[in-house]
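Read off the chains here:
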Amino acid sequence: AEHMTEFKLLSSIDLGGHRMNFSSLRAFPALQVLHLSCNHISDIQLPNIDKDCGFKNLTALDLSYNKCSSDSLLELGSLPNLSFLDLSQNQLQNFPDITKAHFKSLKKLVLRGNELGKVKPSDGPAPPNTYHDPESSYFKPHYTFFSVLAQLPTLREVDLSSNLIQVIPRLPPGS
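Please read these numbers as outputs of a predicted model, since none were measured by experiment.

(A) Examining unusual backbone geometry more closely. One non-glycine residue, C38, lies in the positive phi region at around 55 degrees. With respect to the helices and strands, C38 occurs in the loop between strand 2 (33-35) and strand 3 (60-62). Even without being glycine, Y65 reaches a positive phi, approximately 60 degrees. Following the sequence through the fold, Y65 ends up in the loop between strand 3 and helix 1 (70-76). Y65 sits in the partly exposed class, given a relative accessible area of 49%.

Next up, the structure:
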């Protein structure tokens, strides 16, 4: 790992299909683009971004085909220059509650092929964020992730294809 610090100008790296640890890549100070698809990543903990680490310059991150947790998404939200994030096929069922301090530069978010909008039949107790539809045997979702995504100030493009979304909710004006 001590040899990694010699890559001072490395701005892009593709390490897809390995078993990389996200935090082990902080040694690249100029890193802007990072591809980590298919790495079995589930937990991400970032070092202090204010210190000299490679992640403070990161603009594009591909974490597709992993199993990122909601806590990991909150960690990623602290990356100050991240403008592109691919979280395709991470089995996400919701997006965590975030504040205005999260994802300040995010312009494109890819959530393709997750489980957003997943609900179950009404034969048991109501899942969180749903209500029972008396005209059918299913719970209808209250999609909280739409209102969360609407809070991202620079977001311009979202890919929600191949999820389990049934309806697009009405958002309050100004969202």
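There's plenty left to go through after this.
(B) Layout of the packing of aromatic side chains. Going through the model one piece at a time under the given rule, you end up with four aromatic pairs. Ring geometry for F95 against F103: centres 6.1 Å apart, planes inclined by 45 degrees, an arrangement best described as tilted. The same class applies to F95 and to F103, which are both buried.

The rules behind these values
- Residues numbered from 1 in each chain as written.
- Predicted model: local features only at pLDDT ≥ 70, side-chain atom pairs only at ≥ 80, totals over all residues.
- Heavy atoms only, no water.
- Helix = DSSP H or I, 4+ residues; strand = E, 2+ residues; numbered from the N terminus.
- Buried < 20%, exposed > 50% of the residue type's maximum accessible area, 1.4 Å probe, protein only.
- Phe/Tyr/Trp six-rings, centres within 6.5 Å; stacked < 30°, edge-to-face > 60°.

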